[in-house]
Amino acid sequence: MRLQGKTAIITGGAGGIGGAITRVFVRQGANVLFVDVDEERGAALERELGDATRFLNIDISESGAAETIRDAAVDAFGSVDILVNNAHASRQALLVDHTAEMFELSFNTGFYPTVHLMQACYEQLKASSGSVINFASGSGLEGMPTQTSYAAAKEAIRGMSRVAANEWAPDGIRVNIICPFAATEGVLAWQKAFPERAAESVAKVPLQRIGDPEIDIAPVVVFLASEDSKYMTGQTVMADGGIIKLR
Ligand SMILES: NC(=O)c1ccc[n+]([C@@H]2O[C@H](COP(=O)([O-])OP(=O)(O)OC[C@H]3O[C@@H](n4cnc5c(N)ncnc54)[C@H](O)[C@@H]3O)[C@@H](O)[C@H]2O)c1
């Protein structure tokens, strides 16, 4: 087991990719404090996975949420070794139609909670020589149409993560970024709203399929969280079937 005895915080850990990470982390021996706005789904997953999990029904965009989440993890399991900033909500519209509310939603659920949780967990991560995994997106790297506020927040997360990787390396904390591509409800809704664009995206995947959250994405997060990646920090890892090849 790659994460035996480690404590992880996972945002958006009840559904989609986050739900897969919660399951796979528990299978790898971790204790998981997972956070989600979806109360029903979170409670069901907590019942299913048992003592190794605690579910916190909280909106990460609320003021003070980061400290509440950190304290809940420490109270339940005694430390924070791994922080997975996965949750992110956004709306799509062409740049000319983008509103202040759209930018607020994307930055208040994506960028700021990622920063606030990293700040809140810094002492715990330092004590455990911990690992932070932040979620970005090929939409930001490629500038996908209709994704202005989402792409902006995702690229802000990548920039901030690289600074944190440099600042926190002497503390033994690693900070890496993953850009996934996987069939989740969020992606299915996007496929429904923009079928032509979605079909184009899948057609561009060299490995010729859309990823599975549990089989294709969660194991990469386990790798970034574990000692197996101990010589990696500040990296953007593409788990997208080969669409984007970073150099
Ligand atoms: N699925 C993909 O192909 C893909 C592609 C690129 C990037 N991403 C990124 O990967 C991550 C996971 O994506 P996903 O497709 O699983 O998303 P999703 O929308 O399917 O799931 C997100 C989860 O976060 C929760 N959540 C949303 N807002 C929240 C809030 N304010 N507070 C607490 N919980 C909240 C939701 O209830 C849900 O359980 C996101 O950061 C997303 O931007 C996904």
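In what follows, the structure referred to is the one given above.
These lines cover the structure that appears in this document, whether it is placed above or below. Fair warning: this is a prediction, and the values are worked out from it, not measured in the lab.

### Description of the overall build of the protein
Inference 1: Each helix and strand counted, the protein has nine helices and seven strands in total.
Inference 2: The C-alpha radius of gyration computed for the protein amounts to 17 Å, which stays within 12% of the reference 18 Å derived for 247 residues, consistent with globular compactness.
Inference 3: Dimensions of the protein, computed from the C-alpha atoms along their principal axes, are close to 45 × 40 × 35 Å.
Inference 4: The burial tally for the protein puts 50% of its 247 residues in the buried class.
Inference 5: Considering only contacts in the protein between residues 6 or more positions apart, those separated by 24 or more positions represent 69%.
Inference 6: When the accessible surface of the protein is split by element, carbon and sulfur atoms take 51% of a total near 11500 Å².

### Quick word on helix α4 (residues 100–128)
Inference 1: For α4, spanning 29 residues, the distance from its first C-alpha to its last is 39 Å, which sits close to the expected 42 Å at 1.5 Å a residue.
Inference 2: Maximum bend of α4: about 60°, positioned at Tyr122.
Inference 3: At the C-terminal side of α4, Ser129 shows a positive phi close to 50°.

### As for the side chain of Thr7
Inference 1: Inspection of the secondary structure puts Thr7 in strand β1 (residues 7–11).
Inference 2: The buried category is assigned to Thr7, whose relative accessible area is 1%.
Inference 3: The contact partners of Thr7, leaving out residues within four places of it in the chain, are Asn31, Phe77, Ser79, Val80, Asp81 and Ile82.

### Focus: the layout of surface pockets
Inference 1: Its boundaries defined by the atoms lining it, the largest pocket holds a volume of some 1400 Å³.
Inference 2: Secondary structure elements with two or more residues in the lining of the largest pocket: α1 (16–27), β2 (31–36), α5 (138–142), α6 (148–168), β6 (174–180) and α7 (185–193).
Inference 3: The element that contributes the greatest number of residues to the lining of the largest pocket is α7, accounting for five residues.
Inference 4: Partitioned by chemical class, the residues of the lining of the largest pocket number 22 nonpolar, 17 polar and ten charged.

Definitions and cut-offs
- Residues numbered from 1 in each chain as written.
- Predicted model: local features only at pLDDT ≥ 70, side-chain atom pairs only at ≥ 80, totals over all residues.
- Heavy atoms only, no water.
- Helix = DSSP H or I, 4+ residues; strand = E, 2+ residues; numbered from the N terminus.
- Rg over C-alpha atoms; globule rule 2.2 N^0.38 Å.
- Buried < 20%, exposed > 50% of the residue type's maximum accessible area, 1.4 Å probe, protein only.
- Contact = heavy atoms within 4.5 Å.
- Areas by Shrake-Rupley, 256 points an atom, 1.4 Å probe, with all protein chains shown as cover.
- Expected span 1.5 Å × (residues − 1).
- Bend = angle between axes of the 7 residues up to and from the residue.
- 1 Å grid on protein atoms, 1.4 Å probe; cavity = no way out; pocket = protein on both sides within 12 Å on 5 of 7 lines; lining within 4 Å.
- Points joined across faces, edges and corners; volume = space filled by probe spheres on them.
- Nonpolar A, V, L, I, M, F, W, Y, C, P; charged D, E, K, R; others polar.

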